[in-house]
Amino acid sequence: GREHDNIGIGYAYLIGGNLEVEHSDVFEVYGRFSLNDIFAVTGDVQYMKDSMEEGDNPKGWIFGLRMTAEF
C-alpha cells in the first residue's frame, strides 16, 4: 500500500572539478516517503571524501531533508 515510497543507494566517483581536487568519492543512501497524493518527504545521508593534489584530504557526512509538492 506504499507504492509511491522508495529507497536507494548510490556511489559517484568524480574526477577533478578544479585544479586542487584529484577526485572525490561520494556515497549516498536516501528514503522518500509519500505523505499523501501531493506531498512527500525525502531524507538522505551522504559521505564524501576528496583526494587533493596536495595537503589534507577532507571528508565528512552530509545530511539532508526536503519536502516536495507535486501538482
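Here the structure is shown first, and the text comes after it.
Rules used in this analysis
Residues numbered from 1 in each chain as written. Predicted model: local features only at pLDDT ≥ 70, side-chain atom pairs only at ≥ 80, totals over all residues. Heavy atoms only, no water. Phe/Tyr/Trp six-rings, centres within 6.5 Å; stacked < 30°, edge-to-face > 60°. Helix = DSSP H or I, 4+ residues; strand = E, 2+ residues; numbered from the N terminus. Pairing = 2+ DSSP bridges. Axes fitted to C-alpha atoms, helices over the stretch in contact; angles between N-to-C directions. Salt bridge = Lys/Arg side-chain N within 4 Å of Asp/Glu carboxyl O. Buried < 20%, exposed > 50% of the residue type's maximum accessible area, 1.4 Å probe, protein only.

> Before we go on, may I ask you to explain the packing of aromatic side chains in this structure?
To describe a pair of aromatic rings, one takes the distance between the centres and the angle between the planes. Evaluation of the coordinates by the stated rule reveals two aromatic pairs. Both rings, one in Tyr47 and one in Trp61, keep their centres 5.0 Å apart while their planes meet at 55 degrees; by these two values the pair is tilted. In this pair, Tyr47 sits in strand β3 (residues 39-52) while Trp61 sits in strand β4 (residues 59-69), placing the two residues 14 residues apart along the sequence.

> It is not clear to me how the sheet that holds strand β2 (residues 21-34) should be interpreted in this structure. Could you clarify?
Paired through their backbone hydrogen bonds, the strands of a sheet run either parallel or antiparallel. An order of β1-β2-β3-β4 is seen for the four strands of this open sheet, with the pairing classed as antiparallel. Looking at the sheet topology across the chains shown, the edges are occupied by β1 (6-15) and β4. With strand direction ignored, the average angle separating the axes of adjacent strands in the sheet is 15 degrees. Sheet analysis places β2 next to β3, joined by 13 bridges and oriented antiparallel. Looking at the pairing, Ser24 lines up with Asp50 of β3.

> I keep staring at the pairing of β3 and nothing clicks. Help me out?
Note on strand geometry: in a regular strand, side chains alternate between the two faces of the sheet. Remark: four residues form the turn of the hairpin made by β2 and β3, two consecutive strands paired antiparallel. As defined by bridge partners, β3 adjoins β4 across 11 bridges and the pair is classed as antiparallel. Within the sheet, the bridge partner assigned to Val41 lies in β4 and is Met67. Where β3 folds back onto β4 in an antiparallel hairpin, the turn is made up of six residues, including Gly55, whose phi is positive at roughly 85 degrees.

> What am I meant to see in the pattern of salt bridges here?
Where side chains of opposite charge bring their charged atoms close, a pairing between them can arise. One pass over the full model with this rule turns up two salt bridges. One salt bridge connects Arg2 with Asp5, and the closest N-O pair in it is separated by 2.5 Å. Measuring nitrogen to oxygen at the nearest pair gives 3.1 Å for the salt bridge that ties Arg32 to Glu70. Within this pair, whereas Arg32 is found in strand β2, its partner Glu70 is found in the segment after β4, the two being separated by 38 residues in sequence. Taking relative accessible area as the criterion, Glu70 reaches 49% and is therefore assigned partly exposed.

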